[in-house]
Amino acid sequence: AYELARHMARVVPTQLVTFGTDDEARSDGELQIDIIGGARSVRNDPRDRFSPALFDVLADADVVHCHQIHATATTMAAEFCRRTGKRVFASDLGGGPASMVSRVNEAMFDALLHISAFSARLWEHSTIANVVISAGVDAARFCPADTPPDDFRAIFVGRILPHKGLDVLINALPRDMPLDVIGHPYDLRYLGDLKRLAAGKPVSFVTDLADDALYDAYRQASCVVLPSVYRTMYGDESFAPELLGQTLLEGMASGLPAICTDVGAMPEVVVDGVTGFIVPGGDPKSLRAGLMWLRDNPVESARMGQEGRRHVLANFSWPTVVERCLSAYQS
């Protein structure tokens, strides 16, 4: 949402609104950022915050685009826009507050703007327009290293949650292949189980990394892996574990070949055999074979990384996403 707003502000006046501890207004280039302080948690869920002060901000808007469809703030914003005649749109970015019911009254919105065709298919029942706007990556920040790393090193970036399939990746990892796991541990039980699985393997867990350090972490890696699954190691199932696979875009923009599973929208991101490999979800044997092939074929692996960056530049740029959004807002 931030990156989209930052790039949209270069084209049309844009305001990014969120909740925080204290009221704050600042700018990032042309983008105006407003943080509403003192918002209350709905049903004691810290991910679902709302403050009536949101209405004061919305009053000056012509178009409102909500970026978490399963949130009280989105519901209240949509109702406000309906009552005041403003156009309102929503995007499903995955996850979201547990306090909200999964069924959303999509009729409250002018259209649903999806980050993937997979996400749009999940809303085929909708009585309003489903528009695929895709997503982008800042290819100036996520860019290849001047020289490739000396040793082969895999990287995972994302929330440390069971549906990410990290247990499958660690089981698949050759004993001598380094792996960097970078992300916030939202499930401490899962993190503990992962560390036990990783015993004796060169796996590092980095749970707090600044943006600049993340750019460097990609540049020091040899491939990016996102091994998400529909069914976790604990037996829980998710019908939509990956609505896009943003970190695959970041890795490919950084010149890395990508390995993902055939889960959710990820096959829309990786071109199998060209920018990396798509392997069956929950299959450590296939995942291991992909990792070993990339390690053992450095010339072809580097070529895949180059193709990956070209693929991102051609299909996943933020200016293109901005154009699609503005077209939807106006239609």
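Here is a short report on the structure shown in this document. All values derive from a computational prediction rather than experimental measurement.

**Concerning the sheet that holds strand β3 (residues 31-37)**
Taken in spatial order, the three strands make up an open sheet running β1-β3-β2, and their pairing is mixed. Pairing within the sheet leaves two strands with one partner each, and these edge strands are β1 (15-20) and β2 (24-28). For this sheet, the mean inter-axis angle between neighbouring strands, taken without regard to orientation, is 20°. Pairing of β2 with β3 involves five bridges; the strand directions are antiparallel. Each bridged residue has a counterpart across the sheet, and for aspartate 28 the counterpart in β3 is leucine 31.

**A few points about the packing of helix α8 (residues 246-253) against helix α10 (residues 298-315)**
Contact pair α8 / α10: the axes reach a minimum separation of 7 Å and the direction vectors enclose 115°. The two elements α8 and α10 meet at a crossing, and its hand is left-handed. For the pair α8 and α10, contact is made by Leu249, Met252 and Ala253 and by Gly305, Gly308, Arg309, His311 and Val312, respectively. Grouping the amino acids of the contact of α8 with α10 by side-chain chemistry returns four nonpolar, three polar and one charged.

**Re the pattern of salt bridges**
On inspection of all chains with the given rule, the structure shows 16 salt bridges. The partner of arginine 83 in a salt bridge is glutamate 79, with the nearest N and O atoms 2.8 Å apart. Taken together, the residues span about one helical turn, with arginine 83 and glutamate 79 both in helix α3 (residues 72-84) at a distance of four residues. The class of glutamate 79 is partly exposed, set by a relative accessible area of 33%. Of the charged contacts in the structure, one is a salt bridge between aspartate 176 and arginine 295, with a shortest N-O distance of 3.2 Å.

**So, unusual backbone geometry**
Phi is positive for asparagine 44, close to 60°, though the residue is something other than glycine. The topology assignment puts asparagine 44 in the loop between β4 (40-42) and β5 (45-50). A relative accessible area of 74% places asparagine 44 in the exposed class. Although it is not a glycine, serine 134 sits at a positive phi angle of roughly 65°. Looking at the secondary structure, you find serine 134 in the loop between β9 (129-132) and β10 (154-157).

**Quick look at the sheet that holds strand β7 (residues 87-90)**
The sheet built from four strands is open, its strands ordered β6-β7-β8-β9 with parallel pairing. Edge positions in the sheet fall to β6 (63-66) and β9, since each of these pairs with one other strand and no more. Strand after strand, the sheet turns through a mean of 25° between neighbouring axes, direction not considered. In this sheet, β7 lies alongside β6 in parallel orientation, the contact comprising four bridges. In the sheet register, valine 64 faces β7, and the bridge partner there is valine 88. In the packing of helix α11 (residues 318-330) onto the sheet, the strands contacted are β6, β7, β8 (111-114) and β9, and the crossing angle to β7 comes to about 135°.

**Observations regarding the environment of valine 279**
Mapped onto the elements, valine 279 comes out in strand β15 (residues 276-279). Between the C-alpha atoms of valine 279 and histidine 114, which are 165 residues apart in sequence, the distance is 24 Å. Valine 279 has contacts with Ile259, Cys260, Thr261, Asp262, Ser286 and Leu287, leaving out every residue within four places of it along the chain.

**Side note on the packing of aromatic side chains**
Any aromatic ring pair is given by two values, namely how distant the centres are and how the planes are angled relative to each other. Following the criterion strictly, the structure yields seven aromatic pairs and no others. Between phenylalanine 142 and tyrosine 218 the ring centres are 5.7 Å apart and the planes differ by 75°, which places this aromatic pair in the edge-to-face class. With phenylalanine 142 in the loop between β9 and β10 and tyrosine 218 in helix α7 (residues 211-219), the pair connects residues that are 76 residues apart, well separated along the chain. For the pair formed by phenylalanine 142 and tyrosine 218, the shared burial category is buried. The residue whose ring lies beneath lysine 195 is phenylalanine 205, and the NZ or CZ to ring-centre distance is 5.9 Å.

**Observations concerning the packing of helix α9 (residues 284-296) against α10**
One can describe the packing of α9 onto α10 by two numbers: an axis separation of 5 Å at closest approach and a directional angle of 105°. Between α9 and α10, the angle falls in the class roughly perpendicular. Every residue of α10 that contacts α9 at Trp293, Leu294, Arg295 and Asp296 is listed here: Pro298, Glu300, Ser301 and Met304.

**Digging into the environment of threonine 275**
Its place among the elements puts threonine 275 in the loop between β14 (258-261) and β15. For threonine 275, a relative accessible area of 1% gives the class buried. Separated by 27 residues in the primary sequence, threonine 275 and alanine 302 place their C-alpha atoms 9.7 Å from one another. Look past the residues within four positions of threonine 275 in its chain and what remains in contact with it is Met252, Pro257, Ala258, Val270, Met304, Glu307, Gly308 and His311.

Calculation criteria
- Residues numbered from 1 in each chain as written.
- Predicted model: local features only at pLDDT ≥ 70, side-chain atom pairs only at ≥ 80, totals over all residues.
- Heavy atoms only, no water.
- Pairing = 2+ DSSP bridges.
- Helix = DSSP H or I, 4+ residues; strand = E, 2+ residues; numbered from the N terminus.
- Axes fitted to C-alpha atoms, helices over the stretch in contact; angles between N-to-C directions.
- Left-handed = near helix turned anticlockwise from the far one by under 90°.
- Contact = heavy atoms within 4.5 Å.
- Nonpolar A, V, L, I, M, F, W, Y, C, P; charged D, E, K, R; others polar.
- Salt bridge = Lys/Arg side-chain N within 4 Å of Asp/Glu carboxyl O.
- Buried < 20%, exposed > 50% of the residue type's maximum accessible area, 1.4 Å probe, protein only.
- Phe/Tyr/Trp six-rings, centres within 6.5 Å; stacked < 30°, edge-to-face > 60°.
- Lys NZ or Arg CZ within 6 Å of the ring centre and 35° of its normal.
- Parallel < 35°, antiparallel > 145°, perpendicular 65-115°, else oblique.

Such coordinate-based values are descriptive only and should not be taken to indicate function.
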